[in-house]
Amino acid sequence: MELDAARDAVARRIMVMNERVNALKARGLYFYNQPITELRGGARVLVNGREMGMYASYSYLGLVGHPRINKAAQEAVEKYGTGTHGVRSLAGSLKLHEELEETIAEFKHAEAAITYTSGYVTNLTVVSTLMGRGDWVLSDKLNHASIVDGCLMSGAVFRRFKHNDMDDLERRLQQVPSGAAKLVVADAVFSMDGDIIDLPRMAELCRKYDAWLMIDEAHSVGVLGKTGRGIEEHFGLEDVIDIKMGTLSKTIPSVGGYVAGKKEIITYLRHASRAYIFSAALPPAQAAAAKEAFKIILEEPWRIEKLRANTEIFINGLKSAGFDTMLTETAIVPVLCGSDERAFALTAACQRSDIFVLPVVSPAVPEGLARLRATVTAAHEPDEIEHAIDVMVKAGKEIGII
Ligand SMILES: *Cc1c(COP(=O)(O)O)cnc(C)c1O
């Protein structure tokens, strides 16, 4: 089959993307999908034979490679093998899955929990199972793509409110016809900007307008709250979120997603959500690793303190050098560059100096707001972070960003 752009719209889309990728590769500006050959303690990685400082990891507490987690995964393989030979509802459910869900429920101070094979799939299936035609979903403008896709798939009326703007959310809530079911959904910590949702006001609005509240804690579990339990603990609130969603692929060094909440909600999802009914269960090793990781978060609180201290060093260092780090208060630190070109230039300079960071450019963020999205973790040492800041500052000056 000929793949040329003249054929039809599909061929054109394929060719346009290929041309964009090839053009970046030709200029040495293609930084994506680089194969890492070794993870060295989480703060350093081996890429293309070079050891680099890792500033693009979501392993916020540095748990990837933790001996106890590795051991739990290995023991699960010994006991159960590598697969689950099917869906949970039929023959695929293991005692281990139940234990993981109990552990999550306890960690989130919820009655029950359900797990899926990815965070993406969790949002897709949960939003589209709960909501349907005639219902309304109100979603923050900067919500993660998986939430957006879940909203679209649900068939509900889908409205976005201005980012973290509770007055705009209230206006939207007032537009919902009386009697229609409504869901308000947002990230706890926004994955591109690192800022935190105004949960106290959002929860209050949901109570006032009788809306369901779903929060995606992909970047807040292990990050927010004194003991790392997430956004409710951060704000000193107890059980204001109906659907407490999270992923097992970031702070928790495994793969998968979960929802915690009231027993009845979880029972409903277990019997109605298609990603649970029609897709195989989490593999044993991943379930065991996730279960162990939740325990370690509670048993090693120093990790949360260290993450917090490292975050402060990183943000303050960049800010005092003149970088715009937007509204971040967390370990996700946007380093604003402006044009896509400048973001690519800063990335290239950092990578030449063995600092592994990646650019986020349009259309993932609006034109003119291209940035590096850098992260720090509990695995970094302060002097490593200082060094990374020095590299960024030197390059930022040369490129004219600061
Ligand atoms: C990463 C992420 C997800 C998807 O999680 P995966 O487990 O990687 O599929 C969902 N929501 C947010 C906000 C995320 O950052």
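Quick caveat: nothing in here was measured; it's all calculated off a predicted structure.

Novice: Explain empty space enclosed by the protein to me, and be specific about the residues and the numbers.
Specialist: In the structure shown here, the tally under the stated rule is three cavities of 30 Å³ or more. Roughly 70 Å³ of volume is contained in the largest cavity. Lining the largest cavity are R88, T115, Y116, T117, A275, Y276, S279, A280, A281 and L282. Secondary-structure elements contributing two or more residues to the lining of the largest cavity are strand 4 (112–116) and helix 11 (274–277). Considered class by class, the residues forming the lining of the largest cavity number six nonpolar, three polar and one charged.

Novice: How would you explain the layout of surface pockets if you had to name every residue and give the values?
Specialist: Which parts of space are left empty comes out when a probe the size of a water molecule is rolled across the atoms. For the largest pocket, the calculated volume is near 920 Å³. Forming the boundary of the largest pocket are 36 residues, of which Y32, A56, Y58, L358 and R373 lie nearest the centre. Broken down by secondary-structure element, the contributors of at least two residues to the lining of the largest pocket are helix 1 (9–26), strand 1 (36–40), strand 13 (359–360) and strand 14 (370–375). Ranked by residue count, the leading element in the lining of the largest pocket is helix 1, at four residues. Here the residues of the lining of the largest pocket are counted per class, giving 23 nonpolar, ten polar and three charged. Each of domain 1 (25–54 + 301–399) and domain 2 (67–299) contributes no fewer than three residues to the lining of the largest pocket. Roughly 360 Å³ of volume is contained in the second largest pocket. Of the residues belonging to the lining of the second largest pocket, the class tally is eleven nonpolar, three polar and four charged. Each of domain 1 (25–54 + 301–399) and domain 2 (67–299) gives at least three residues to the lining of the second largest pocket.

Novice: Talk me through the side chain of S146; I want residue IDs and the actual numbers.
Specialist: In this fold, S146 is placed in helix 6 (residues 145–154). Exposure remark for S146: the relative accessible area of 1% places this residue in the buried category. Separated by 2.9 Å, the side chains of S146 and N123 make a polar contact. One polar contact links S146 to H144, side chain to side chain, over a distance of 2.6 Å. With residues up to four places along the chain from it excluded, the contact list for S146 reads Y120, N123 and L124.

Novice: I'd like a rundown of the domain arrangement of the protein, residues and numbers included.
Specialist: Where interface size is quoted, it is often the accessible area lost as the parts come together. Once the domains are mapped, the protein shows domain 1 (25–54 + 301–399) and domain 2 (67–299). If you average the C-alpha positions of domain 1 and of domain 2, the two centres end up 28 Å apart. Listed per partner, the contact involves 16 residues of domain 1 and 20 residues of domain 2. Summed over both sides, the interface of domain 1 with domain 2 buries roughly 1400 Å², with 58% coming from carbon and sulfur. Interface area lost by domain 1 to domain 2 is led by I304, T330 and I332, which between them contribute 34%. Remark: the boundary between domain 1 and domain 2 carries one salt bridge. Linking domain 1 with domain 2 are eight residue pairs in polar contact (both at pLDDT 80 or more), by the criterion used here. Of all the secondary-structure elements, those providing two or more residues to the side of domain 1 that touches domain 2 are helix 13 (302–320), strand 11 (332–338) and strand 14. Counting residues per element, the side of domain 1 that touches domain 2 draws most heavily on helix 13, which supplies four residues. Grouping the constituent residues of the side of domain 1 that touches domain 2 by class yields nine nonpolar, two polar and five charged.

Novice: Any chance you could break down helix 12 (residues 284–299) for me, citing the residues and the numbers?
Specialist: Compared with the 22 Å implied by 1.5 Å per residue over 16 residues, the 23 Å span of helix 12 between its first and last C-alpha is a close match. Most of helix 12 is tucked away: twelve of the 16 residues are buried. Burial in helix 12 covers these residues: P284, A285, A287, A288, A289, A290, K291, E292, A293, F294, I296 and I297. Buried residues in helix 12 make contact with helix 2 (67–80), helix 4 (95–107), strand 10 (257–261) and helix 13.

How each quantity is defined
- Each chain has its residues counted from 1, following the order in which its sequence is written.
- pLDDT decides what is reported in this predicted model: residues at 70 or higher carry local features, side-chain atom pairs at 80 or more are listed and counted, and totals for whole chains, interfaces and linings draw on all residues regardless.
- Note that the side-chain values use all heavy atoms of the structure and ignore hydrogens as well as water.
- Every definition here rests on a 1 Å grid over the protein atoms only: cavities are sets of points where a 1.4 Å probe fits but cannot get out, pockets are open sets enclosed by protein on both sides within 12 Å along at least five of seven lines, and lining residues have some atom within 4 Å of a point.
- Grid points are joined across faces, edges and corners, and a volume is the space filled by probe spheres set on the points.
- Segments assigned H or I by DSSP are reported as helices when at least four residues long, segments assigned E as strands when at least two residues long, and all are numbered from the N terminus.
- Each residue gets one of three labels, nonpolar for Ala, Val, Leu, Ile, Met, Phe, Trp, Tyr, Cys and Pro, charged for Asp, Glu, Lys and Arg, and polar for the others, Gly among them.
- An automatic or database domain assignment provides the domain bounds reported here.
- Think of it in three bands: residues with accessible area under 20% of the maximum for their type are buried, residues over 50% are exposed, and the middle band is partly exposed, with areas taken using a 1.4 Å probe on protein chains only.
- What qualifies as a polar contact is a pair of N or O atoms within 3.5 Å, subject to a donor-acceptor requirement within protein and to the restriction that residues adjacent in sequence count only when both atoms come from side chains.
- By the convention used here, residues are in contact when the closest approach between their heavy atoms is within 4.5 Å.
- Summed over both partners, the accessible surface that disappears when two parts come together, traced with a 1.4 Å probe, is what is meant by buried area.
- Salt bridge, as used here, is a side-chain nitrogen of Lys or Arg placed within 4 Å of a carboxyl oxygen of Asp or Glu.
- Here the expected span of a helix is defined as 1.5 Å times the quantity of residues minus one.

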